[in-house]
Each structure stands twice: as structure tokens, then as C-alpha cells.
Amino acid sequence: MLIPLLLFATGMGAGTLGALLGVGGGIVLVPVLSLFFGVPLQHAVAVSLACVIATSSGAAAAYVRDHRCDVRLGMQLELFTVAGAIAGAFLAPHLPKAAIQILFGLMVIPVARSLLKPTPTEDVARIEGRTVEVRNLPLGYAASFGAGTMSAVLGIGGGPIKVPVMTLLMGVPFKVATATSNFMIGVTAAASVFVYLSRGALDLGVAVPTVLGVIAGATLGARLMPHVPTRLLKKIFAVVLGVVGAQMLAKGFGVDLWSIL
Amino acid sequence: MSDVNPQPATAAAASDAGDQALALILRGGLFLAAGLLGAALAASLLFRIPLVGTGGFFAIPPGSGMDEAVNVAARLGIVLLGLTPVARVALSVPLFARAGEKSQALFGLGVLILLVLSMLLGAVE
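Residues numbered from 1 in each chain as written. Chains lettered and ligands numbered in written order. Predicted model: local features only at pLDDT ≥ 70, side-chain atom pairs only at ≥ 80, totals over all residues. Heavy atoms only, no water.

Engineer: Now, about the overall build of chain A: what can you tell me, with residues and values included?
Structural biologist: Along chain A, the regular secondary structure elements total 11 helices and zero strands. Counting from the amino terminus, chain A carries its helices and strands in the arrangement α-α-α-α-α-α-α-α-α-α-α. Relative to the globule expectation of 18 Å for 261 residues, the C-alpha radius of gyration of chain A, 17 Å, shows essentially globular dimensions. Each principal axis of the C-alpha distribution contributes one length, and for chain A these read about 45 × 40 × 30 Å. When the 261 residues of chain A are sorted by exposure, 61% land in the buried category. Long-range contacts, defined here as pairs at least 24 residues apart, represent 86% of the contacts in chain A between residues at least 6 apart. (Helix = DSSP H or I, 4+ residues; strand = E, 2+ residues; numbered from the N terminus. Rg over C-alpha atoms; globule rule 2.2 N^0.38 Å. Buried < 20%, exposed > 50% of the residue type's maximum accessible area, 1.4 Å probe, protein only. Contact = heavy atoms within 4.5 Å.)

Listed below in C-alpha cells is the structure:
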């Protein structure tokens, strides 16, 4: 009885964080499931993918209804991200993975610093009309393709790349970018979760309570989002980005960060 | 913040209705999945029925009818959860087309085709 409750609570924390930041919550779930619950890594990743869908659907339902995410921009970028992910899956064996991991880890520092700078659209949290005004759309498409490729090569969710791309490159307000990222991330995770299901790598005993917690957390996060100051969200996002960057640097240099911890 | 794609009022209304339909699909799919998963978890805890750890997707454990029903409900919940964003993309195609947003409908169709392709190729993990 205690374990399902703890899994539910873990899922709830990950879902709330994911809904607020536009990330899937894998950054919390995979290490916690592996280290504290002893779930094998491959199964932890599969559960995390199911949770990404739960975060995405739970948060995006509220964000779409309340005009907080840009459905049209999300669907355009989604096309390039999914194409990039497919390309990445096929390119991965031929790319210098360690070099890319180190490069990504190093890029995190200037990206996080840029994100923390105030922008004129800082307080915008809703879409007026059908879509937000964006700049560098073709570059955004290219970056989304790159984000999809990087996600597949590095094995990370798209959120930590998509949100900075939308905010820094395309001028999308931060809260709209996180909400739009939430709208997008469920689609690629859905394709992946079926692959894991068909291979029998999804542990239902772990997945069911965790996913239920994530659904509750994502619903809570979507309700909290309008009331959380953008500055605070950006700071938390920068920390999350820092953790992902540190993980990538460690992997690039052949160090297993989690085993050290 | 401005509307980069101004449109007539009726098309705008159809467009907004389309957005609300997408939200409804996401919410509906999630609630149905949560209902199935919640029922499976409650029954599993109440009657001490193990939810199958791993094994093939259709590998229902040998046991009573109750064991089978609980595990089928849990699996259906996960499948429904996975189908929800895919259904959202599929629904967006006719919705955008009806609202006169042909390019958006094409983007949706493109995503759908790539998703099916990626699942068939087993490319996305």
C-alpha cells in the first residue's frame, strides 16, 4: 500500500513541475524510480514516457481551453520535431554521441543565462487571437528539427530544448512557450510508449500509480501556472536545464552521475 | 501580441470551436484513461491482485477472471492514454480544414503520417 502511495506522490510532483515548465517530468521520474524504487532503467524510461503523455494531455487540455498555448504554432513545430526525432533515431549510431553530449552540456550555461534576462513579453500568458506573433519562423522550424534530432540522439525529452528555442529564437512569451511545449510533447512520447508496450517493457505495477499521480499533478500545475510569477518559473527552468546539462556533460565524459549519487 | 492571420468572424468562431474540441478530446481521453487506471489500481489494492510487471503486452497472467479484468483495465487505460494525443492530431485535420485553415490541416496530416511511419519503423523511442 505504501509503495503505490509513494509512486503516486512522486508522479504528482513530476506532473506539477512538468505542467509548469513544459517538460515531461522525466528528469525527476527516471532517477527517482531507478534510485529510490529500484526500477530497472529501461522500465523507468518507459514509465516516464507514459507520464509525459499524462502531463501533456492533462496540462494541454486546460491550456488550450484557456488560450494559454499556441495550438497552431505547436502543430507546425510538432511536424519538424517528429521528423527530426525520426532522423535522429536513424542517425544516432553514426553520430559522435559523446561530443554532442558535451556540446549540449556546455550550451546550457549561455542558454540558461539568456532565458533569465527579462523580456518585453515577460508577463504575457494568454493568446489574443489565434496565434502569437513570432519571429524567425523558418529558423524555428530548423531548430525544431534539430531539437527532435537532439532528443533522439541524447535520449532526453524535447521540452528543455523546445522552450528555449521558442522563447529565445522565436520571441514567444515564456509562459506561452511552456504551455505550447506541453501541448507538443505528448505526441512523440505516444509513438514511443507503444514501442515499449509491444516489447513488454512497461511495468504496470509502477506505471499505474505513477501515471495517476502525474495526471493529478499536471491538473494542479495547469491551475497554478497563471499565478506563478514568470521570473520564478524561469529560474526553476534554468535549474532544470542545468541538471540536464550536467547529466549530459557527465555522460559525455563517461561518468554515470546517478551511480555516484 | 497580435493576430498574424486575420480571418472573417464565422471562420474565427469555427476556429475557436475547433480549439475547444481539441481541449475536449484531451480532457475526455485523459479522464477515461484515469478512470480505468484508477479502477484497476483500487481493485488491485483492495483484492491484492498484482498488476503484471512486464511481459508482452497481451500477456495476461493466468489466474481468476478478476485478475484478468483488472490487468486488462490497466492496459486499456495506458493504451487510451497513448491514443489521446494521437486522436488530438487526427481530429485537428478535419477541424482545421472546416475552419478554412488548410495549411494547419496539412501540418496536422503531416504529423499524423510521420507518427504512423515512426511507429511502423519503430524509430521513436
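Engineer: Got a sec to walk through the environment of A59 of chain A? Specific residues and values, please.
Structural biologist: Residue and element names in this part refer to chain A. Counting through the fold element by element, A59 comes out in helix 3 (residues 41-65). Along the backbone, A59 and T10 are 49 residues apart, and their C-alpha atoms lie at a distance of 17 Å. With residues up to four places along the chain from it excluded, the contact list for A59 reads A19, N182, A218 and A222.

Engineer: Can you lay out the pattern of salt bridges for me, pointing to particular residues and giving the numbers?
Structural biologist: Here the structure, examined in full by the defined rule, presents four salt bridges over all chains. Linking R72 of chain A and E101 of chain B is a salt bridge whose minimum nitrogen-to-oxygen distance equals 2.6 Å. One end of the pair, R72 of chain A, is in helix 4 (residues 71-91); the other, E101 of chain B, is in the loop between helix 2 (65-98) and helix 3 (102-121), on a second chain. Each of R72 of chain A together with D19 and E101 of chain B takes part in salt bridges that share partners, so that together they form one network. (Salt bridge = Lys/Arg side-chain N within 4 Å of Asp/Glu carboxyl O.)

Engineer: Kindly report on the interface of chain B and chain A, identifying the contributing residues and their values.
Structural biologist: Residue-level contacts link 57 residues of chain B with 60 residues of chain A. In this assembly, chain B packs against chain A so that about 5,200 Å² is buried in total across both faces, 73% of it on carbon and sulfur atoms. The interface formed by chain B and chain A includes three salt bridges. Between D19 of chain B and R72 of chain A there is a salt bridge, with the nearest N and O atoms lying 3.3 Å from each other. Linking chain B to chain A there are seven residue pairs in polar contact (both at pLDDT 80 or more). Residue assignment for the side of chain B that touches chain A shows that the elements contributing at least two residues are helix 1 (9-46), helix 2 and helix 3 of chain B. It is helix 2 of chain B that provides the largest number of residues to the side of chain B that touches chain A, a total of 15 residues. A class-by-class count of the residues in the side of chain B that touches chain A yields 30 nonpolar, 19 polar and eight charged. (Buried area = accessible area lost by both parts, 1.4 Å probe. Polar contact = N/O pair within 3.5 Å; in protein donor to acceptor, adjacent residues only side chain to side chain. Nonpolar A, V, L, I, M, F, W, Y, C, P; charged D, E, K, R; others polar.)

Engineer: Please give an account of the packing of helix 4 of chain A against helix 8 (residues 174-199) of chain A that cites residues and values.
Structural biologist: Helix packing for two helices is described by the angle between their axes and how far apart those axes are. Residues and elements named next belong to chain A. It is at 9 Å that the axes of helix 4 and helix 8 come closest, and there the two elements cross at 40°. Between helix 4 and helix 8, the interaxial angle falls into the category oblique. In this structure, helix 4 crosses over helix 8, and the sense of that crossing is right-handed. Touching V71, G74, M75, L77, E78, T81 and V82 of helix 4 are T180, F183, M184, V187 and T188, all from helix 8. Its residues assigned to classes, the contact of helix 4 with helix 8 shows seven nonpolar, four polar and one charged. (Axes fitted to C-alpha atoms, helices over the stretch in contact; angles between N-to-C directions. Parallel < 35°, antiparallel > 145°, perpendicular 65-115°, else oblique. Left-handed = near helix turned anticlockwise from the far one by under 90°.)

Engineer: Pulling in residues and values, what's your account of unusual backbone geometry?
Structural biologist: For H67 of chain A, which is not glycine, the phi torsion reads 60° and is therefore positive. Turning to its location among the elements, H67 of chain A is positioned in the loop between helix 3 and helix 4. Unlike most non-glycine residues, R48 of chain B shows phi in positive territory, near 55°. When you line up the elements, R48 of chain B lands in the loop between helix 1 and helix 2. Classification of R48 of chain B as exposed rests on a relative accessible area of 76%.

Engineer: With reference to specific residues and values, describe helix 7 (residues 159-169) of chain A.
Structural biologist: Residue and element names in this part refer to chain A. Most of helix 7 sits inside the fold, with nine of its 11 residues counted as buried. When helix 7 is considered as a whole, its buried residues turn out to be G159, P160, I161, K162, V163, P164, V165, M166 and T167. Contacts made by the buried residues of helix 7 are with helix 1 (2-21), helix 4, helix 5 (97-116), helix 6 (137-154), helix 8 and helix 10 (230-252). One or two steps after helix 7, the chain reaches G171, where phi turns positive at roughly 75°.

Engineer: So, the packing of aromatic side chains: which residues are in play, and what are the values?
Structural biologist: Considering all chains together, one arrives at three aromatic pairs over all chains under this definition. Here Y141 of chain A and F107 of chain B contribute two aromatic rings whose centre-to-centre distance is 6.3 Å and whose plane-to-plane angle is 50°, an arrangement assigned as tilted. Taken together, the residues Y141 of chain A in helix 6 and F107 of chain B in helix 3 connect one chain to another. Considered together, Y141 of chain A and F107 of chain B belong to a single accessibility category, that of buried residues. Relative to F237 of chain A, the ring of F174 of chain A has its centre 5.8 Å away and its plane inclined at 85°; by these criteria the two rings are edge-to-face. Note that F174 of chain A is positioned in helix 8 and F237 of chain A in helix 10, a separation of 63 residues in sequence. The buried category is assigned to F237 of chain A, whose relative accessible area is 1%. In this structure an aromatic cluster arises from ring pairing among F80 and Y141 of chain A together with F107 of chain B. (Phe/Tyr/Trp six-rings, centres within 6.5 Å; stacked < 30°, edge-to-face > 60°.)

Engineer: Outline helix 9 (residues 204-224) of chain A, supporting the account with residue identities and numerical values.
Structural biologist: Here helix 9 of chain A is 21 residues long and its end C-alpha atoms lie 29 Å apart, about the 30 Å a rise of 1.5 Å per residue gives. Most of helix 9 of chain A sits inside the fold, with 15 of its 21 residues counted as buried. (Expected span 1.5 Å × (residues − 1).)

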